Amino acid sequence: MTEYRFETFEPALENGAPDARTTAYMQAVRAGFHDKRVEGKKLLRRTERAMADERVFTSVYADNAPQLALPPEIPVATFAHFEKTVNVGGGRLIPAHLITWVTVRPTHRRRGLLRSMMTGNLARAAENGYPFAALTVTEGSIYRRFGFGAATWYNEVEVDTRAGFQMAVEPDRRVEMVDPHVLRELGPELYDRFQQMTPGATGRQRVYVDVASGDLNLSTDEEDLATRAALHYDEDGRPDGYVSYRFAGWDVKPATLEVLDLIAASDAAYSSLWAFLGAVDLVERVQFGYASQQSPLPWLLTDPRRVRVQAQSDGMWLRILDVKKSLEARPYSVAGSITLAVHDDMDYAEGVFRLTSDGANGTVERLAESSDSAEGRAADLSLGVPELGSLYLGGADPVVLSRAGRISKRSEDAAIRARALFSLERAPYAPNDF
């Protein structure tokens, strides 16, 4: 039987290059996601971005590798975590434990490595006082078993900008093209303002700055000289939004602009930036892979059918670790009370909880340790911790989850009351993976 060794460490440089342990980890991650191996400056840049995000790596090693197998210093499984803030509504930013770069080599699957990495990491996150953990997923069937539930969603959209494209309400059009490199410094500032007004938005990673500024093409790991950018200016002449984009090439039909990033800290910026994209000459289609599921974009146009949703995807998944901390951290717009019986196989969120809102803030009282108790059977709603994660930012509708059998309600109006309590000022939106 193979014996495994686990190591948790921070990425490091040695003589101006990633050290051996970091290099082996990065190559294992690349293999796990079917990406090409990277070396030299490309590997250095990837490592520097990980260090800028303050990622902490976990490697799993099989020290007794058979003859001709990959060398034992290359991990058979990887895991990483780091901290960023998440807007839980009303501009309230709270620290969250983010998980990423989870891989297991195919020849070492079904040996408990993923479970060992995940359970150990969640235990440390809980011990460190995080109210919840979060991740984005490549496979939607894996992480529910660990208590994660999808909490934000986004759309991949195509916009027909051929003749006849017209805004329903004329925007201010205070937009100017800029050198994309200005987004190296300005981009994070504008994103911070966007995050402050957008429930679900997480603190950004360095890779998004590099892509928006043209410093990185994700396909080549090189500078992207095709990147263009434009800024929107408020009434006082200060930037309050940007779009970064590139032309897809003359071999792509119809002629297409690909939006790399679009961040608007005001509705006026959002409207004017789309008006700008729709006015670019020699282009018939604009593609954007991270539009909010509740985007006002179709309503901006005289013909909303010009906006076509090509795909819908889940974004951030949440794992509630502390029910009281989580529910008391976010705001509430209506007064009311509801009792939740939460089942959690890992026990972090297990119990019966009464949430009471005064119309601004919430307080949580734990009524019982177990959801399978007299108090649990009398609760307004019974649900698993994944469903609580989906409800937390108001993105999932408890009425719909009830109809799907994912939550149980004691009374007919319980899910309706929960919908009112959990709703936020706008639909949650997290325009980045991690």
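Each value, and the rule that gives it
- Residues numbered from 1 in each chain as written.
- Predicted model: local features only at pLDDT ≥ 70, side-chain atom pairs only at ≥ 80, totals over all residues.
- Heavy atoms only, no water.
- UniProt positions renumbered as here; feature names shortened; annotations may be inferred.
- Helix = DSSP H or I, 4+ residues; strand = E, 2+ residues; numbered from the N terminus.
- Pairing = 2+ DSSP bridges.
- Axes fitted to C-alpha atoms, helices over the stretch in contact; angles between N-to-C directions.
- Contact = heavy atoms within 4.5 Å.
- Expected span 1.5 Å × (residues − 1).
- Buried < 20%, exposed > 50% of the residue type's maximum accessible area, 1.4 Å probe, protein only.
- Patch = residues over 30% accessible without salt bridge, like charges linked within 9 Å, V, L, I, M, F, W, Y side chains within 5 Å.
- Areas by Shrake-Rupley, 256 points an atom, 1.4 Å probe, with all protein chains shown as cover.
- Salt bridge = Lys/Arg side-chain N within 4 Å of Asp/Glu carboxyl O.
- Lys, Arg positive; Asp, Glu negative; His and termini not counted.
- Charge placed at Lys NZ, Arg CZ, Asp CG, Glu CD.

- An unreviewed UniProt entry annotates the protein as Enhanced intracellular survival protein originating from Brevibacterium yomogidense.
- Word for word, the UniProt comment on the protein under Sequence similarities (unreviewed entry) is "Belongs to the acetyltransferase Eis family."

As for the UniProt feature "domain: N-acetyltransferase" (unreviewed entry) in the protein
Stage number 1. Following the UniProt record, one finds the feature "domain: N-acetyltransferase" (unreviewed entry) at residues 27-172.
Stage number 2. Secondary structure content for residues 27-172 is 23% helix and 31% strand, and the end C-alpha separation is 48 Å.

Structural notes on the sheet that holds strand 9 (residues 153-160)
Adjacent strands of a sheet pair through backbone hydrogen bonds, lying either parallel or antiparallel.
Stage number 1. Taken together, the seven strands give an open sheet; going across it, the order is 10-11-12-13-14-9-15, and neighbouring strands pair in mixed fashion. Lying at the two open borders of the sheet, with one neighbouring strand each, are strand 10 (175-178) and strand 15 (307-314). Going from strand to strand, the sheet's axes swing by 25° on average, the running direction of each strand aside.
Stage number 2. Both strand 9 and strand 14 (residues 285-292) contribute to a ladder of six bridges, which runs antiparallel. Opposite glutamate 158, over in strand 14, you have glutamine 287 as the bridge partner.
Stage number 3. Seen against the sheet, helix 4 (residues 183-196) touches strand 11 (228-233), strand 12 (239-247) and strand 13 (256-264) and runs at an angle of roughly 120° to strand 12.

Focus: helix 2 (residues 40-52)
Stage number 1. Helix length check: helix 2, at 13 residues, gives a terminal C-alpha distance of 18 Å against a target of 18 Å (1.5 Å per residue), a fit within 8%.
Stage number 2. For helix 2, every residue scored as buried is listed here: Leu43, Leu44, Arg46, Thr47, Arg49 and Ala50.

A look at a positive patch on the surface
Stage number 1. A cluster of basic side chains, namely Arg109, Arg110, Arg115 and Arg145, defines a positive patch on the protein surface.
Stage number 2. Here arginine 109 is to be found in the loop between strand 6 (93-104) and helix 3 (113-127).

With respect to the sheet that holds strand 7 (residues 132-136)
Stage number 1. Read from one edge to the other, the open sheet built from seven strands follows the order 1-4-5-6-7-16-8, with strand pairing classed as mixed. Each end of this open sheet is capped by a strand with a single partner; those strands are strand 1 (4-9) and strand 8 (149-150).
Stage number 2. Both strand 1 and strand 4 (residues 56-62) contribute to a ladder of six bridges, which runs antiparallel. Residue pairing across strands places threonine 8 opposite threonine 58, the latter belonging to strand 4.

Some words on the pairing of strand 20 (residues 381-384)
Stage number 1. Where strand 17 (residues 335-343) and strand 20 come together, four bridges link them in parallel fashion. The partner of histidine 343 across the bridge, within strand 20, is glycine 384.
Stage number 2. Here strand 20 runs beside strand 21 (residues 407-409); their pairing, made up of three bridges, is antiparallel. Considered in strand 21, the bridge of leucine 381 is made with lysine 409.

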